[in-house]
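Summary of the model geometry
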Amino acid sequence: MKRILIIDDTSRDQEIATKILSSSGYQIVGIASDGEGGLVEYRRLNPDLTLIDVIMPGLNGIETLREIRTINPLAKVILCTSVGQSTVIDLAMRVGANGYVVKPYDADILTTSVKRVLEVT
């Protein structure tokens, strides 16, 4: 079973992502509500995939992704944003995201994105 860490400052989005991914057979091993806490959890859990919200107080999703890349250059990361702006998405991909998902979460889109990223070796 693939292990996923969710880093998102909105409890509702945490709950929705957890419900969608758990019902699709993934194990949610940790949830953090900010980038700093997410980095602590990432180091502790070493998940198969990390789902990171882009807009968070403190360390934002892009900065969190950069830090995860220094910890593990091969980490699998999907950034999530309610801002569907191409500039944000382009930046996320340049910084090293393996994919992105626009919120609010659509179950099919989220699970397809997660499956696609996890299948890449």
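For the structure given in this document, a descriptive report is provided here. (Residues numbered from 1 in each chain as written. Predicted model: local features only at pLDDT ≥ 70, side-chain atom pairs only at ≥ 80, totals over all residues. Heavy atoms only, no water.)

Quick look at the overall build of the protein now. For the protein, the count of helices and strands is five helices and five strands. Along the protein, helices (α) and strands (β) appear in the sequence β-α-β-α-β-α-β-α-β-α when read from the amino end. Seen through its C-alpha atoms, the protein measures out along the principal axes to roughly 30 × 30 × 30 Å. Counting across all 121 residues of the protein, residues that qualify as buried make up 49%. Per element, the accessible surface of the protein, about 6,100 Å² overall, is 51% carbon and sulfur. Within the protein, one finds 13 positive and 15 negative side-chain charges whose respective centroids are separated by 6 Å. (Helix = DSSP H or I, 4+ residues; strand = E, 2+ residues; numbered from the N terminus. Buried < 20%, exposed > 50% of the residue type's maximum accessible area, 1.4 Å probe, protein only. Areas by Shrake-Rupley, 256 points an atom, 1.4 Å probe, with all protein chains shown as cover. Lys, Arg positive; Asp, Glu negative; His and termini not counted. Charge placed at Lys NZ, Arg CZ, Asp CG, Glu CD.)

Here Ile 4 is to be found in strand S1 (residues 3-7). Expressed as a C-alpha distance, the spacing of Ile 4 and Lys 76, which sit 72 residues apart in the sequence, is 9.8 Å. Setting aside residues no more than four positions away along its own chain, Ile 4 makes contact with Leu 21, Tyr 26, Gln 27, Ile 28, Val 29, Gly 30, Pro 47, Leu 49 and Val 114. (Contact = heavy atoms within 4.5 Å.)

Moving on: the sheet that holds strand S4 (residues 77-81). Across a sheet, strands are paired by hydrogen bonds formed along the backbone, either parallel or antiparallel in direction. The strand order across the open sheet formed by five strands is S2-S1-S3-S4-S5, and the pairing between neighbours is parallel. The outermost strands of the open sheet, each flanked by one partner alone, are strand S2 (27-32) and strand S5 (99-102). Direction aside, neighbouring strands of the sheet carry axes that sit 20 degrees apart on average. Most of the contacts of helix H2 (residues 35-45) go to S1, to which it runs at about 165 degrees, and overall it touches S1, S2 and strand S3 (49-53). (Pairing = 2+ DSSP bridges. Axes fitted to C-alpha atoms, helices over the stretch in contact; angles between N-to-C directions.)

On to the nonpolar core, then. Counting 21 residues, the largest nonpolar core has Ile 7, Ile 52, Ile 62, Leu 65, Ile 68, Val 77 and Leu 79 as its most contacted members. Residue assignment for this core shows that the elements contributing at least two residues are S1, S2, H2, helix H3 (61-71), S4 and helix H4 (86-95). Discounting chain neighbours no more than four positions away, the residues touching Val 77 are Leu 49, Thr 50, Ile 52, Leu 65, Ile 68, Arg 69, Ala 97, Asn 98 and Gly 99. Ranked by size, the runner-up nonpolar core spans 17 residues in total, among them Ile 4, Ile 6, Ile 20 and Ile 28. (Core = buried A, V, L, I, M, F, W, Y, C linked by side-chain atoms within 4.5 Å.)

Contact geometry for helix H1 (residues 11-23) and helix H5 (residues 107-119): axes closest at 10 Å, N-to-C directions at 65 degrees. H1 and H5 meet at a crossing whose hand is right-handed. Contacts from Ala 17, Ile 20 and Leu 21 in H1 reach Ala 107, Leu 110, Thr 111 and Val 114 in H5. Along the lines of polarity and charge, the residues of the contact of H1 with H5 split into six nonpolar, one polar and no charged. (Left-handed = near helix turned anticlockwise from the far one by under 90°. Nonpolar A, V, L, I, M, F, W, Y, C, P; charged D, E, K, R; others polar.)

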